[in-house]
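Coordinate analysis (summary)
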Amino acid sequence: MILVACVYLFVLIALLSTISRRGVEGALPLAVCFIIIFPLEAQLPLGFFTLTVQRLVTLVLLAAAFMSNRSSEGIKVLPLKSGIIFVGLWWTLSTVNSIDFLPSAKSLLSLLLD
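Residues numbered from 1 in each chain as written. Predicted model: local features only at pLDDT ≥ 70, side-chain atom pairs only at ≥ 80, totals over all residues. Heavy atoms only, no water.

Take the overall build of the chain next. On a plain count of helices and strands, the chain comes out with four helices and two strands. Across the 114 residues in the chain, those meeting the buried criterion constitute 25%. Within the chain, contacts between residues at least 6 apart in sequence are counted, and of these 50% link residues at least 24 apart. As displayed, the chain offers around 8600 Å² of accessible surface, 73% of which is attributable to carbon and sulfur atoms. (Helix = DSSP H or I, 4+ residues; strand = E, 2+ residues; numbered from the N terminus. Buried < 20%, exposed > 50% of the residue type's maximum accessible area, 1.4 Å probe, protein only. Contact = heavy atoms within 4.5 Å. Areas by Shrake-Rupley, 256 points an atom, 1.4 Å probe, with all protein chains shown as cover.)

With that settled, the discussion passes to the side chain of T52. Residue position: T52 is located in strand 2 (residues 50-52). Apart from residues lying up to four places away in sequence, T52 is in contact with Y8, L40, A42 and Q43.

A few words now on a nonpolar patch on the surface. A surface patch of nonpolar side chains, amounting to about 540 Å² of accessible area, comprises L46, F48, F49, L109 and L113. Relative to the elements of secondary structure, F48 occurs in the loop between strand 1 (43-45) and strand 2. Look at F48 and you get exposed, because its relative accessible area is 61%. (Patch = residues over 30% accessible without salt bridge, like charges linked within 9 Å, V, L, I, M, F, W, Y side chains within 5 Å. Salt bridge = Lys/Arg side-chain N within 4 Å of Asp/Glu carboxyl O.)

Before going further, it helps to spend a moment on the packing of aromatic side chains. In total, this model carries two aromatic pairs according to the counting rule given. Each ring, one from F10 and one from F34, has its centre 5.9 Å from the other, and the planes form 70°; the classification is edge-to-face. Here a set of aromatic residues connected by ring pairs shows up, and it is made of F10, F34 and F38. (Phe/Tyr/Trp six-rings, centres within 6.5 Å; stacked < 30°, edge-to-face > 60°.)

Dropping the structure here:
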């Protein structure tokens, strides 16, 4: 457990220092490296959900992207926006129609946040 917490602290410090020096776009290769290298078994239970390295990296990148003061050069279109919306709706529909609703709802929340 202590080793997992140390790994999370290392990932957090490395990502934040890279974001502060190179920006969010410059930290993406390091983020991908962390997502690929660390296994899913390195989990930190936090009560309602477990924190994985993949979720930590995603949350740090999202927070950095929202807090960055980049200049707006027009409307940026999200690629495959309709596909992402369709997949989210499909997950929601399959959760509603599942036999065991509560674990399925937790799984849906996990998928949407990942």
